[in-house]
Protein chains: 2
Amino acid sequence: MCESNAFLKDGENEVMLMESVDTIEPCEDGLKLMDIFGKQIFIKAKIKEMTLLNHRIILESF
Amino acid sequence: MCESNAFLKDGENEVMLMESVDTIEPCEDGLKLMDIFGKQIFIKAKIKEMTLLNHRIILESF
């Protein structure tokens with residue numbers, strides 16, 4: 001399926017935040033992510049880059 | 001495949017901006033979108049919501 005995995009950029013590393021992300025909703029001071037099972041997280045970060053064909057969402061802190 | 005279609009919210013309407021979007025890269029004053037054929041556009045807008053399983057990227061003007 002076409003969900004993606006969300007990673008937080010941490011220097012040269014990427015920390016996996018959530019697998020199988022379906023929806024992404026920017027909010028005032030961060031992002032709300034929901035996976036294909038309906039689990040939601042809120043994170044104080046912004047989108048750095050998304051590559052949908054690679055199923056990757058790279059986030060970075062403000 | 002897992003690309004998505006990008007729409008710009010215009011009141012109650014949604015205007016198709018780009019089909020088959022693969023990469024999304026936020027920039028200082030907008031977004032750079034690239035489709036699966038390598039075609040790139042820049043748009044002065046921000047992400048309102050993304051639903052990956054529905055292949056939809058909804059953008060809104062600043």
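Residues numbered from 1 in each chain as written. Chains lettered and ligands numbered in written order. Predicted model: local features only at pLDDT ≥ 70, side-chain atom pairs only at ≥ 80, totals over all residues. Heavy atoms only, no water.

Per an unreviewed UniProt entry, the recorded name for chain A is CooT family nickel-binding protein, and the organism is Desulfosporosinus fructosivorans.

Participant: So what's going on with the overall build of chain A? Which residues, and what values?
Facilitator: Secondary structure assignment for chain A yields zero helices and six strands. Taking 62 residues into account, the globule formula puts the C-alpha radius of gyration at 11 Å, and chain A, at 11 Å, falls close to it. Classification of the 62 residues of chain A by burial places 40% in the buried group. A total accessible area of about 3,500 Å² is found for chain A, and carbon and sulfur atoms account for 46% of it. Mean positive and mean negative side-chain charge positions of chain A (7 and 12 charges, respectively) differ by 4 Å. (Helix = DSSP H or I, 4+ residues; strand = E, 2+ residues; numbered from the N terminus. Rg over C-alpha atoms; globule rule 2.2 N^0.38 Å. Buried < 20%, exposed > 50% of the residue type's maximum accessible area, 1.4 Å probe, protein only. Areas by Shrake-Rupley, 256 points an atom, 1.4 Å probe, with all protein chains shown as cover. Lys, Arg positive; Asp, Glu negative; His and termini not counted. Charge placed at Lys NZ, Arg CZ, Asp CG, Glu CD.)

Participant: Let's hear about the relation of the copies chain A and chain B: which residues, and what values?
Facilitator: For the pair chain A and chain B, the relating rotation is 180°, the translation along its axis is 0.0 Å, and the fit reaches an RMSD of 0.0 Å. In short, the pair behaves as if placed about a two-fold rotation axis. Nearest to the rotation axis, the C-alpha of A:C2 is located 2.5 Å from it, this being the minimum over chain A. By residue overlap, the copies meet face to face through one surface: 100% of the interface positions of chain A are interface positions in chain B. (Least-squares fit on C-alpha atoms with pLDDT ≥ 70 in both. Contact = heavy atoms within 4.5 Å.)

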